Amino acid sequence: ADRQLSRVMGAYDDEDLEGFDRKLDLSMDNVIVVDNLPVVPPAKVDKLISVLHRLYSKIGDIVDDGSSGSGIYMPMDEGKGESKGFAFVEFAHKKDADHAVEQTDGHQLDKAHVFSVCKFTELSRIISAPDEYVAPPPPPAVPAKAPCD
């Protein structure tokens, strides 16, 4: 099998791979989370994804994963048979995701739905934030200076 592959591919060595040293980026800096979407049944998911695609493709290149969502994933609540009210949008570049957050956080889809948009990398920080506000400790007291005579 290796001989057949060599005949088809020809001889090659590591020098043939120069310029292909790009590493896989797992940072998820190019993914945004769009929250406060309408909760819709499966029959309306494609239409909502289409609306999101139309909006976000004007801002940057959305990854084409070969499916109908083309880089947009909308989780479903299987128990209720409807979407969960949020979606992930994967852009080809980090800068496009940054622009999407800047331009669409607070975007009003309709009277009842105003987008809350953040980077995927910020999601864990937001989720782990305490539900109750805890005031920071007061700064240490600084002794007052005596008035000058």
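Residues numbered from 1 in each chain as written. Predicted model: local features only at pLDDT ≥ 70, side-chain atom pairs only at ≥ 80, totals over all residues. Heavy atoms only, no water.

## A short note on the environment of His 99
Turning to step 1, where the next piece is worked out: Within the secondary structure, His 99 sits in helix α3 (residues 94-104).
Turning to step 2, where the next piece is worked out: A relative accessible area of 33% places His 99 in the partly exposed class.
Turning to step 3, where the next piece is worked out: For the pair His 99 and Gly 60, spaced 39 residues apart in sequence, the C-alpha to C-alpha distance is 8.1 Å. (Helix = DSSP H or I, 4+ residues; strand = E, 2+ residues; numbered from the N terminus. Buried < 20%, exposed > 50% of the residue type's maximum accessible area, 1.4 Å probe, protein only.)

## As for the pattern of salt bridges
Turning to step 1, where the next piece is worked out: What the rule picks out here adds up to three salt bridges.
Turning to step 2, where the next piece is worked out: Where Asp 98 meets Lys 94, a salt bridge forms, and the shortest distance between an N and an O atom there is 2.9 Å. Residue Asp 98 and its partner Lys 94 are both found in helix α3; the two are separated by four residues, about one turn of the helix.
Turning to step 3, where the next piece is worked out: Among the residues examined, Lys 94 registers a relative accessible area of 42% and is labelled partly exposed.
Turning to step 4, where the next piece is worked out: By relative accessible area, which is 24% here, Asp 98 ends up partly exposed. (Salt bridge = Lys/Arg side-chain N within 4 Å of Asp/Glu carboxyl O.)

## Points about the sheet that holds strand β1 (residues 31-35)
The strands making up a sheet associate through hydrogen bonds between their backbones, and the pairing can be parallel or antiparallel.
Turning to step 1, where the next piece is worked out: Sheet architecture is open: four strands sit in the order β2-β5-β1-β8, paired in antiparallel fashion. Each of the sheet's edge strands pairs with one partner strand only, and the pair in question is β2 (72-73) and β8 (116-119).
Turning to step 2, where the next piece is worked out: Pairing of β1 with β8, which is carried by four bridges, proceeds in the antiparallel orientation. Bridge pairing in β8 links Asp 35 to Ser 116.
Turning to step 3, where the next piece is worked out: Running over the sheet, helix α4 (residues 120-127) touches β1, β5 (86-90) and β8 and is turned about 105° from β8. (Pairing = 2+ DSSP bridges. Contact = heavy atoms within 4.5 Å. Axes fitted to C-alpha atoms, helices over the stretch in contact; angles between N-to-C directions.)

## Quick notes on the nonpolar core
Turning to step 1, where the next piece is worked out: Counting residues in each nonpolar core, the largest one holds 21 residues, and the members touching the most others are Ile 32 and Tyr 56.
Turning to step 2, where the next piece is worked out: In this view, Ile 32 contacts Tyr 56, Ala 87, Phe 88, Val 89, Phe 91, Ala 97, Ala 100, Val 101, Val 117, Cys 118, Lys 119 and Phe 120; residues no more than four positions away in its chain are not counted. (Core = buried A, V, L, I, M, F, W, Y, C linked by side-chain atoms within 4.5 Å.)

## Overview of the environment of Ile 59
Turning to step 1, where the next piece is worked out: Note that Ile 59 resides in the loop between α2 (42-57) and β2.
Turning to step 2, where the next piece is worked out: When its relative accessible area of 16% is taken as the criterion, Ile 59 is described as buried.
Turning to step 3, where the next piece is worked out: If sequence neighbours within four positions are ignored, Ile 59 has contacts with Asp 96, His 99, Ala 100, Gln 103 and Thr 104.

## Considering a positive patch on the surface
Turning to step 1, where the next piece is worked out: A cluster of basic residues, Lys 44, Lys 47, Arg 54 and Lys 58, forms a positive patch at the surface.
Turning to step 2, where the next piece is worked out: Within the fold, Lys 47 resides in helix α2.
Turning to step 3, where the next piece is worked out: Assessed through its relative accessible area of 63%, Lys 47 is described here as exposed. (Patch = residues over 30% accessible without salt bridge, like charges linked within 9 Å, V, L, I, M, F, W, Y side chains within 5 Å. Areas by Shrake-Rupley, 256 points an atom, 1.4 Å probe, with all protein chains shown as cover. Lys, Arg positive; Asp, Glu negative; His and termini not counted. Charge placed at Lys NZ, Arg CZ, Asp CG, Glu CD.)

## Notes on the confidence of the model for the chain
Turning to step 1, where the next piece is worked out: When pLDDT is averaged along the chain, the result is 83; 78% of the residues meet or exceed 70.
Turning to step 2, where the next piece is worked out: Predicted confidence for residues 4-9 stays below pLDDT 50, and this span has two contacts to residues more than four positions away or in other chains. (pLDDT = per-residue confidence, 0-100.)

## Describing α3
Turning to step 1, where the next piece is worked out: Taken residue by residue, α3 has Asp 96, Ala 97, Ala 100, Val 101 and Thr 104 as its buried positions. Looking straight down α3, one finds that the buried residues subtend no more than 140° of arc, so they occupy a single side. Exposed residues on α3 whose side chains face more than 90 degrees from its buried face are Lys 95, Glu 102 and Gln 103.
Turning to step 2, where the next piece is worked out: If you follow the buried residues of α3, they end up packed against β1, α2 and β8.
Turning to step 3, where the next piece is worked out: Immediately beyond the C-terminal end of α3, within one or two residues, lies Gly 106, with a positive phi of roughly 95°. (Arc of directions from axis to C-beta.)

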